[in-house]
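# Chain and residue survey
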Amino acid sequence: MPKHIVRLLVLIAVVAIVVFSTKKFLTPDTFYQYGHYRGDAVAEIASKIPKLQGSASCEPCHKKAYTEWTDGIHHRATRKGAIQGVVFKYGPGCEVCHTGPAGNHPSNEAMPLSIEDQVTSITHPEIKVHPANVPGRKLMLSPEDMKGICLNCHEKMEARPIEQRQIEVASHSGEELCTKCHNPHSPRIIYASLPQGRRGNAQAGKAIAAACTGCHGEAGMSTSPAFPNLAGQHFDFLVDSLKGFKTGIRKNDMMSPMVAGLNESDIRNVAAYFSRFSCGVSGGDKAKAELGKAKAANCAACHSAGGLYGPGAPGVSGVPTWPNLAGQNAEYLASTLKSYQDGSRAHPVMTSVAKTLNDADIDHLSAYYASMKCK
Amino acid sequence: MTTPNTKTNEAVPMSRRRFLEFLGKSAVCGGALASAGSAIGLSETYGPKRGFQQNDEQYAESVNNPPKIPDYNWNDHQWAMGVDTDRCIGCLRCMEACKMENSVQMDAFHHRTWVERYVYLEGSNTAIVDSQADPKNIENTGSETKFRFDNRYRNVKVDKAFFVPKLCNQCEHPSCVQVCPTGATFKTKEGPVLIDTTYCIGCQYCVQACPYGARSFNEVRGVAEKCNWCYHRITKGLNPACVEVCPTGTRIFGDRNDPESPISLFIRNNHVQVLKPEMGNAPNVFYKGTDKEVV
C-alpha cells in the first residue's frame, strides 16, 4: 500500500479515536439511560424543595388567624359539581393572598437555592439572588394592599362566573377600605362579633360635652328637631363624624369650630359620653311613616340590625361605623338626605342613594325612621 | 377503422403508464393516511406504555431501574390536568404562585402559566383576547409584578366572556422535545416534559416549535423555561402550585392510573377537549367549557 494512503488511514483512525473517546468522556453515564437525555436530571429536578407549604403549615404560629379562617366563609367556600358532587377543593387558603410562599419564610435558610437558581449563579455570577426570591413581597398585607387583593377575585367584571361573589366598587364601598367592615380571614360579616374599636372614657368626656349640651341636650336628646339626637348613637360613628368635621370631610358652620380644639382622645371621650345614654324616639307623622316603609327596604342592607343577611330591627345599624337612624329627628334626617343630594355632604354610598329620592320620598323616609323603636 | 375512444375511461385498457400513475398515487395517499393515524394517536394501543422516543433497551431500563426519587416510582403514575373554564374568575393567583414556586422572572411577560380573557362584544362573532401582559392591565395595577385584569368592559355591551387558564400541555408527542438538539428537554415516562437546565444551550428551537406558546426564554438564566407541573411537588405527593392555590377549583390534577382520582372523575364525567387537536401533539391538559375560538 502506498505510503501516503497509510498515513491518511492512520490520521483518520487517530481522529476517530480522539473524537469517540472525547465523546465518551464528556457524555454522562446516564445520558442514554432512558432516552436522549441525562437520566440523572429527572431525580435532580424532583429533588427541588417545594416552597408553597399549604395552609396547615401556618397553624402552629398563627393560631388566631388560622382559626378565623377555618371558621369563616373563605375556608368553607367549597364548590361542588364539576365532578358530580365530589368536594375536591376548599376556598382560598393562606398562600392565595399571602403570596410570599411559606418556604420563603421566616428565614432565607429555610429556602435553599433551587436548581434553576444555581444555574443562574453559575452562568451569571453577578446575580446573587433571583428577583422572585427577594423579600419585598410582603407576607403581612396592609389594609391598602388588601383592597387590591380582595378585588383580584371580587371586583364585578365581565367574564367572571356569576357564582362568584362580586361587588361594584363605586356603589359598594367607594374609597372605603375592605377591612373597615370585613375580616379578610373570615369576610362574611357576623354583626354581633364585630371587633369593638378603642373605647373612650365617658367620665372624661363629660367635661367636654358641656359645650355640646346647648344644642344636643343634657342627655343627648337635642333641643331642636334641626339638630341630631346623639344619645345611644354608635360610638364608632360619632368618632368618625367628629373626625370628619375636624379634617374637613364634613363641613358645618357650628360643628367645625367646635371640634377644631379637640384632640384624638377628647373625641373618643366625648363620643363615649353620648353613646352611653339610652336613646329616645322623637316620633314622626304616622301616615307618612306608613308610606316610607316600602322605600326603606333599600336602606335595610346597611341601616338595619340584620343587615344583608337577615331581618332585623329597622334603623338600628349592624355595623358600628354606620349611624342608627331609629328615633332620630325627622327634620334632621330630611335635611341630611337633602345635603347629600346637593353635594354639601358626600359619601360614596349615600350620595348615590340620595339622588334616587324625590322630596316626597325624603319626607316619608324621615318620618318612618323617626317613629321606629331605637332599641 | 375504429378510432380510439379517449373521452371515456371504460374503453381504455390499463396501460403501463396508467398503472404506474395509480401505483404512485396510492402510495402517496396510503403513506399520508398512515402518518396521520400515528400523529393523532390512533396507532397507539393500551397496555404498558413506552416513553416518548424510547428504544427497547431504554424502555426496559425505565421499568426496571427508574430514577431514584424517594418514595416515588414513575411507572406507577400517569399524570394529567383538567381545566374547568366555567369556574375561572381570572384572579391570576395561579400565575403568581407559579412564579413564586419556580422562581420565574417577576414580570408580566415571562410565565409558565397564564390566563387569557375571551370577550365577545354584542353583535360580534370574533373574540377579543387579552392577558395579564396587556399594557392596559399592567397600567391598571401600576406594576408589572402585580397581576390583575382591568375592568375595561364595564361600560360596553358584552355578549359573552370567559377566562381560560393556559399552561404547558405536556403533550404525548411533544414538538419541543423533537427539536431539542442537546437532549436538554425530554418527556418523562409518567407525563411531564422536563427541562434539564444544565444541558440547555438557550437556542430557543423549542420556543419556536411549541404550537401552544407555552415556552419562553429566560434571559437571566440563559435557558428555556416552561411549566413542568411542579415535578418537584408531584413527586412528593403534593399538587402543583397553581392547583394548590386556585380558590375556585378551576384546575384539577391527578393520576389517570387511579380511576377515582380527581382528574379521572373530571374526564369521565365531563365533556372535555384539548387545544389544537389538529396539531397531533395529543395534549394532556383537558379543557371543559371552552369555545372553538380558544386555541
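Residues numbered from 1 in each chain as written. Chains lettered and ligands numbered in written order. Predicted model: local features only at pLDDT ≥ 70, side-chain atom pairs only at ≥ 80, totals over all residues.

Here we come to the environment of A:H216. All names here are of chain A. The residue H216 is located in helix α10 (residues 213-216) in this model. In this structure the C-alpha to C-alpha distance between H216 and F227, which are 11 residues apart in sequence, comes to 6.8 Å. Ignoring sequence-local partners within four residues, the contact set of H216 consists of S222, F227 and L230. (Helix = DSSP H or I, 4+ residues; strand = E, 2+ residues; numbered from the N terminus. Contact = placed C-beta atoms within 7 Å.)

The next thing to look at is the interface of chain B and chain A. Bring the parts together and some accessible area is lost; that lost area is often taken as the interface size. The interface is formed by 66 residues belonging to chain B together with 57 residues belonging to chain A. Ranked by residue count, the leading element in the side of chain B that touches chain A is helix α3 (residues 93-102) of chain B, at six residues. Looking at the side of chain B that touches chain A residue by residue, the class counts come to 29 nonpolar, 20 polar and 17 charged. (Nonpolar A, V, L, I, M, F, W, Y, C, P; charged D, E, K, R; others polar.)

This part is about the sheet that holds strand β1 (residues 79-84) of chain B. Residue and element names in this part refer to chain B. Ordered by their spatial adjacency, three strands build an open sheet running β9-β1-β10, and the pairing between neighbours is mixed. Where the open sheet ends on each side, the last strands, each with one partner, are β9 (251-255) and β10 (285-288). Here the strands of the sheet are splayed against their neighbours by 20° on average, with no regard to which way each runs. Across four bridges, β1 lies against β10 in parallel orientation. Counterpart to V83 in the pairing with β10 is Y287. Sheet strands touched by helix α9 (residues 262-269): β1, β9 and β10. Its angle to β9, the strand with the most contacts, is close to 115°. (Pairing = 2+ DSSP bridges. Axes fitted to C-alpha atoms, helices over the stretch in contact; angles between N-to-C directions.)

Residue and element names in this part refer to chain B. On the secondary structure map, C176 appears in helix α5 (residues 175-179). The spacing of C176 and V193 is 17 residues in sequence and 9.1 Å in space, taken between C-alpha atoms. Once you skip the residues sitting within four places of it in the chain, C176 turns out to touch T185, V193, C206, A209, C210 and R215.

We now examine the nonpolar core. In summary, soluble globular proteins display a tendency toward joint burial of nonpolar side chains. Formed by 71 residues in total, the largest nonpolar core has its most connected members in B:M81, B:C94, B:A97, B:L194 and B:C242. The contacts of B:C242, once residues within four sequence positions are left out, are B:C94, B:A97, B:C98, B:T113 and B:R251. Residues A:V270, A:Y273, A:F274 and A:C374 belong to the second largest nonpolar core, which totals 36 residues. (Core = buried A, V, L, I, M, F, W, Y, C linked by C-beta atoms within 7 Å. Buried ≥ 20, exposed ≤ 12 C-beta atoms within 10 Å, placed from the backbone.)

Residue and element names in this part refer to chain A. On average, chain A scores 79 in pLDDT, and the residues at 70 or more come to 80%. At the low end of the mean pLDDT range in chain A sits helix α6 (residues 115-123), at 47; at the high end sits helix α1 (residues 3-26), at 95. Segment residues 127-136 is flagged for pLDDT under 50; beyond a separation of four residues in sequence, or across chains, it makes 17 contacts in the model. (pLDDT = per-residue confidence, 0-100.)

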